[in-house]
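# Understanding the architecture of this molecule
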Amino acid sequence: FVRLLHGLLVPTEGTILYGKYPLEKSIRKKQAMVFQTPTLLKRTVLANMAFVSSIRGEIDLFDCRNILRLLSLDKFQSYPAQLLSAGEKQRLALARALILQPHILFLDEPTANLDPSSIYLIEQILKDAKKSGMKIIFITHDIGQAKRIADDVIFINKGKILEYTNTGIFFQKPQNEETAAYLQGKLVL
């Protein structure tokens, strides 16, 4: 779903619209995406940031270092990115997305298999980004995480949207039987 919204996949039917406008290069330039498993460049942590920063214009090393500091990666600036832990790699992937200052940030299970401290740090950075006006579309299977950070929830099963509502209604009064079953801890196949 997010790969379609970000333009990485082309829909087999229909059109993706942002407001009244079809998804095109100018809209994609205002987006960034963080995947469940990050792909990092075979460079240092700071060089990864600088390369991504250069995509949108001049390299701003001050901003690169500032974002690394926010994500507790500043002490790793000169480390090879490939040697970071899983949580550090995911935080670097998020840092690279944030350096682009996107209007819309897509995250596909960015905290799966991470330790609680990395999850907490990522969630706090996302809450701050949301406060600054960034729209965040976050894919998660973690009900607790959705409760902590979501404003709205879209529940998708087998490629179909079963429910789309604000977080309070979703968790307190789900409108769909499958949603209610999922929230009760049942397997929804």
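Parameters and conventions
Residues numbered from 1 in each chain as written. Predicted model: local features only at pLDDT ≥ 70, side-chain atom pairs only at ≥ 80, totals over all residues. Heavy atoms only, no water. Helix = DSSP H or I, 4+ residues; strand = E, 2+ residues; numbered from the N terminus. Buried < 20%, exposed > 50% of the residue type's maximum accessible area, 1.4 Å probe, protein only. Contact = heavy atoms within 4.5 Å. Areas by Shrake-Rupley, 256 points an atom, 1.4 Å probe, with all protein chains shown as cover. Lys, Arg positive; Asp, Glu negative; His and termini not counted. Charge placed at Lys NZ, Arg CZ, Asp CG, Glu CD. Patch = residues over 30% accessible without salt bridge, like charges linked within 9 Å, V, L, I, M, F, W, Y side chains within 5 Å. Salt bridge = Lys/Arg side-chain N within 4 Å of Asp/Glu carboxyl O. Polar contact = N/O pair within 3.5 Å; in protein donor to acceptor, adjacent residues only side chain to side chain. Phe/Tyr/Trp six-rings, centres within 6.5 Å; stacked < 30°, edge-to-face > 60°. Pairing = 2+ DSSP bridges. Axes fitted to C-alpha atoms, helices over the stretch in contact; angles between N-to-C directions. Parallel < 35°, antiparallel > 145°, perpendicular 65-115°, else oblique. Left-handed = near helix turned anticlockwise from the far one by under 90°.

### Brief notes about the overall build of the protein chain
Looking only at helices and strands, the protein chain features nine helices and seven strands. With the principal axes as the frame, the protein chain shows a C-alpha extent of 50 × 40 × 30 Å. By the burial criterion, 39% of the 189 residues in the protein chain qualify as buried. In the protein chain, once contacts between residues fewer than 6 apart in sequence are set aside, the share between residues at least 24 apart is 57%. Of the accessible surface of the protein chain, which amounts to about 11600 Å², a share of 54% is contributed by carbon and sulfur atoms. The averaged location of the 18 negative side-chain charges in the protein chain is 3 Å from the averaged location of its 25 positive side-chain charges.

### Examining a nonpolar patch on the surface
A cluster of nonpolar residues, Phe1, Ile154, Ile156, Ile161 and Tyr164, forms a patch on the protein surface that exposes about 520 Å² of accessible area. By the element assignment, Tyr164 lies in strand β7 (residues 160–166).

### A few points about the side chain of Asn157
Within the element layout of this structure, Asn157 appears in strand β6 (residues 152–157). Overall, the relative accessible area of 14% leaves Asn157 in the buried class. At 2.9 Å, the side chain of Asn157 and the side chain of Glu178 are in polar contact. Once residues within four sequence positions are removed from consideration, Asn157 is found in contact with Leu162, Glu178, Val188 and Leu189.

### Brief notes about the packing of aromatic side chains
Taken as a whole and assessed by the stated rule, the structure comprises four aromatic pairs. A centroid spacing of 5.2 Å and a plane angle of 45° characterise the contact between Phe155 and Tyr182, whose relative ring orientation is tilted. Of the two residues, Phe155 is situated in strand β6 and Tyr182 in helix α9 (residues 177–183); the sequence distance between them amounts to 27 residues. Classification of Phe155 by relative accessible area gives buried; the value is 10%. According to the relative accessible area criterion, Tyr182 is partly exposed, its value standing at 22%. Through a chain of ring-to-ring contacts, the aromatic side chains of Phe155, Phe170, Phe171 and Tyr182 assemble into a single cluster.

### Section: the pairing of β7
By the bridge criterion, six bridges tie β6 to β7 in an arrangement that is antiparallel. Residue pairing across strands places Phe155 opposite Glu163, the latter belonging to β7. Linking β6 back to β7 in an antiparallel pair, the connection comprises two residues, with Lys158 at a positive phi of about 55°.

### Re the packing of helix α4 (residues 61–70) against helix α5 (residues 86–99)
The contact between α4 and α5 brings their axes to 10 Å, and the two run at 140°. Judged on the interaxial angle alone, α5 and α4 are oblique. In terms of crossing hand, the pair formed by α4 and α5 is right-handed. Only Leu92, Ala95, Leu98 and Ile99 of α5 make contact with α4, whose side of the interface consists of Asp63, Cys64, Ile67 and Leu68.

Read these as layout, nothing more, since geometry by itself doesn't imply function.
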